[in-house]
Amino acid sequence: AKAVGGSSFRRYDPGMGSGSLDPLLLGQELRLALARGELLLHYQPKVCARTGRLHGVEALVRWQHPERGLVSPGLFVPVAERFGLIGALGHWVLEEACRQAVAWREAGIACRVAVNVSPQQFRNPAMLSEVAEVIARSGMDPADLVCEITETALVESIGSTQRLLDALRAMGIGLSIDDFGTGYSSLAHLRAIPVQQLKIDKSFVDDIATSTDARALVEGIIQLAHALRLEVVAEGVETEAQWRTLQRAGCDVVQGYHIGRPMPADELRRWMAQRRV
Ligand code: C2E
Ligand code: CA
Ligand code: CA
Ligand code: CA
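The structure contained in this document is the topic of the report that follows.

About the cut-offs
Numbering of residues begins from 1 in every chain and follows the order in which that chain's sequence is written. Here every chain gets a letter starting at A, and every ligand a number starting at 1, in the order they are written. With pLDDT at 70 or above as the cut-off, local features in this predicted model cover only qualifying residues; side-chain atom pairs require 80 or more to be listed or tallied, and sums for whole chains, interfaces and linings still use all residues. Excluding hydrogens and water, the side-chain values take into account all heavy atoms of the structure. To form a nonpolar core, buried Ala, Val, Leu, Ile, Met, Phe, Trp, Tyr and Cys residues must be joined to one another through side-chain atoms within 4.5 Å. Type-normalised accessible area, obtained with a 1.4 Å probe on protein chains alone, sets the label of each residue: buried when under 20%, exposed when over 50%, and partly exposed for intermediate values. Secondary structure elements follow DSSP: runs of H or I of four or more residues count as helices, runs of E of two or more count as strands, with numbering from the N terminus. Only heavy atoms enter the contact rule, under which two residues are in contact if any of them lie within 4.5 Å. Note on terminology: near, applied to a residue and a molecule or strand, indicates that one of the residue's heavy atoms is within 4 Å of it. Between N or O atoms, a polar contact is any pair within 3.5 Å; within protein, one atom must be a potential hydrogen donor and the other a potential acceptor, and residues adjacent in sequence are included only when both atoms are from side chains. Here the Shrake-Rupley method, with its probe set to 1.4 Å, supplies the accessible areas, and only the displayed protein chains count as covering residues. Any residue outside Ala, Val, Leu, Ile, Met, Phe, Trp, Tyr, Cys, Pro, Asp, Glu, Lys and Arg is labelled polar, Gly included; the first ten of those are nonpolar and the last four are charged. At least two DSSP bridges between two strands are needed for those strands to be called paired. Only centres within 6.5 Å qualify two rings of Phe, Tyr or Trp (six-membered ring in Trp) as a pair; their planes then separate them into stacked at under 30 degrees, edge-to-face at over 60, and tilted for everything else. Definition used: whenever NZ (Lys) or CZ (Arg) falls within 6 Å of the ring centre and also within 35 degrees of the ring normal, the charge is taken to sit over that ring. Coordinating donors are taken to be N, O and S atoms lying within 2.8 Å of the metal, or within 3.2 Å when the metal is Na, K or Ca; because water is excluded from the atom set, some sites may appear incomplete. Every case where a carboxyl oxygen of Asp or Glu lies within 4 Å of a side-chain nitrogen of Lys or Arg is listed as a salt bridge. The axes are straight lines fitted to the C-alpha atoms, using for helices just the contacting stretch, and the angles between their N-to-C directions are given from 0 to 180°. By the definition adopted for this analysis, an angle is roughly parallel if under 35 degrees, roughly antiparallel if over 145, roughly perpendicular if from 65 to 115, and oblique otherwise. Each crossing gets its handedness from the near helix: less than a right angle anticlockwise from the far helix is left-handed, clockwise is right-handed.

Before going further, it helps to spend a moment on the nonpolar core. Core analysis: the largest hydrophobic core is formed by 80 residues, its most contacted members being Tyr43, Trp104, Val115, Ile200, Leu246 and Val254. When residues of this core are assigned to their parent elements, the largest contribution, 9 residues, is made by helix α3 (residues 86–106). Setting aside residues no more than four positions away along its own chain, valine 254 makes contact with Pro45, Lys46, Val47, Ala49, Ala234, Val237, Trp243, Leu246 and Ile259.

Structure representation (structure tokens):
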């Protein structure tokens, strides 16, 4: 994996720990990491499919481990979920993302910030008041915040989370269904939950420029989403051809390495300046 250009971060190795790391040890280290402030956020741009203008960013958590280097969330988020640390991690992510959103606003940059929310956070009865508190303390406009929830998480806990989602929405927070197409949500779910955005999973985007079946599937998802007045984001866009195909299919927003990798906030500023978005 490529290290993020120009930054002081060490090599990012998403393959790390495939069986080689003891989850219990990692859990203990993660507990310390939260206390020591070893977590950081990278931000990946989402741009308008038609104009290429900045539409928002997604905050993605990283762990700057003193010995292991930059650790992937694919590795430590499941550990956090397993060892009861996801509440603390999610709270930190939310606080940091809100702080950054306010800083961008003050610098004249209008952009919505999306955070990934784990299903376990939704099962916490204090979640709503915590979110309200963080937002109030940061001075952030709730309309600048988006929560990304995976389709699988939504389907698994639709009964218990409906009221929470309604309450977040009532606060003005945006809701987005992540990894759409990989879970099994029904049209009834899509109608019942107060989401505004749907993110088509990367696995569908991968073949879109080369396979007519993949393209038909994505076109179908986009039409369905638009019929329900949802905004459609395609994630994992890695080529110009994929972007163009998505644009033709009516996709609203694109996100992926071809547009911009996840990067630290200061690097994102430079990315914005270069692209004049
Ligand atoms: P996700 O929410 O589906 O995020 C998209 C992942 O795909 C990110 O990996 C992103 O860096 C990567 N990606 C973006 N564009 C491309 C592309 O064009 N090609 C390829 N191959 N990959 C691309 P990352 O940052 O390693 O995050 C992995 C997962 O970890 C996320 O998947 C999300 O489920 C979870 N995660 C990340 N940050 C948080 C967080 O703050 N809280 C929680 N609960 N989960 C998080
Ligand atoms: Ca996401
Ligand atoms: Ca996703
Ligand atoms: Ca994904």
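Close to ligand 1 lie 22 residues; Gln44, Arg62, Asn116, Glu238 and Tyr257 are nearest. Aspartate 179 is positioned such that a nitrogen or oxygen atom in its side chain is 3.3 Å from an oxygen atom of ligand 1. Contact with the protein chains hides 80% of the accessible area of ligand 1, taken as 800 Å² for the molecule alone. The leading source of residues in the shell around ligand 1 is strand β2 (residues 54–65), at 4 residues. Classifying every residue of the shell around ligand 1 by side-chain character gives 9 nonpolar, 6 polar and 7 charged.

Here the focus is the pairing of strand β7 (residues 197–200). Here β7 shows two buried faces, one formed by Gln197 and Lys199 and the other by Leu198 and Ile200. With 3 bridges connecting them, strand β6 (residues 174–180) and β7 associate as parallel partners. Bridged to phenylalanine 180 within β7 is isoleucine 200. Relative to strand β8 (residues 231–234), β7 runs parallel, the two being bridged by 4 bridges. Note on β8: the bridge partner recorded for lysine 199 is valine 233.

What the rule picks out here adds up to 2 aromatic pairs. Residues tyrosine 43 and tryptophan 104 carry aromatic rings whose centres are separated by 4.9 Å and whose planes lie at 75° to one another, so their mutual orientation is edge-to-face. With tyrosine 43 in strand β1 (residues 39–48) and tryptophan 104 in helix α3, this residue pair connects regions lying 61 residues apart in the sequence. For the pair tyrosine 43 and tryptophan 104, one class covers both residues: buried. Geometrically, the ring pair formed by tryptophan 63 and phenylalanine 76 is edge-to-face, given 5.6 Å between the ring centres and 85° between the ring planes. Linking tryptophan 63 in strand β2 with phenylalanine 76 in helix α2 (residues 73–82), this pair joins segments that are 13 residues apart in sequence. Judged by relative accessible area, which is 1%, tryptophan 63 ranks as buried. Classification of phenylalanine 76 as buried rests on a relative accessible area of 0%. The aromatic ring of tyrosine 257 is capped on one face by arginine 261, whose charged end is 3.9 Å from the ring centroid.

Of note, glycine 174 is situated in strand β6. In sequence terms glycine 174 and glycine 37 are 137 residues apart; their C-alpha atoms lie 28 Å from each other. Once residues within four sequence positions are removed from consideration, glycine 174 is found in contact with Arg112, Leu145, Val146, Cys147, Arg169 and Gln196.

Turning our attention to the coordination of the calcium ion (ligand 2). Around the calcium ion (ligand 2), the protein contributes the donor atoms Glu58 (OE), Asn116 (OD1), Glu148 (OE) and Asp178 (OD), which lie 2.2 to 2.3 Å from the metal centre. Sequence spacing of the donor residues for the calcium ion (ligand 2), all on one chain, is E-x57-N-x31-E-x29-D. A separation of 3.9 Å is found between the calcium ion (ligand 2) and the calcium ion (ligand 3), both of which receive a donor from aspartate 178. Linking asparagine 116 in strand β4 (residues 112–116) with glutamate 148 in strand β5 (residues 145–150), this pair joins segments that are 32 residues apart in sequence.

As a further point, take the pattern of salt bridges. Summed over all chains, the structure comprises 12 salt bridges. Salt bridges sharing common partners tie together Lys46, Glu58, Glu148 and Lys199.

Time to look at the side chain of glutamine 242. Note on placement: glutamine 242 falls in helix α11 (residues 240–248). Not counting residues up to four positions away in its chain, the partners in contact with glutamine 242 are Val205, Asp206, Ile208, Ala209, Gly236 and Val237.

With that settled, the discussion passes to the packing of α3 against helix α5 (residues 127–138). Closest axis-to-axis distance for the α3/α5 pair is 9 Å, and the angle between their directions is 30°. With respect to α5, the axis of α3 lies roughly parallel. Where α3 crosses over α5, the two elements pack in a sense that is right-handed. Packed against α3, whose contacting residues are His91, Leu94, Glu95, Cys98 and Val102, the element α5 presents Glu130, Val131, Val134, Ile135, Arg137 and Ser138 at the interface. The residue inventory of the contact of α3 with α5, partitioned by class, reads 6 nonpolar, 2 polar and 3 charged.

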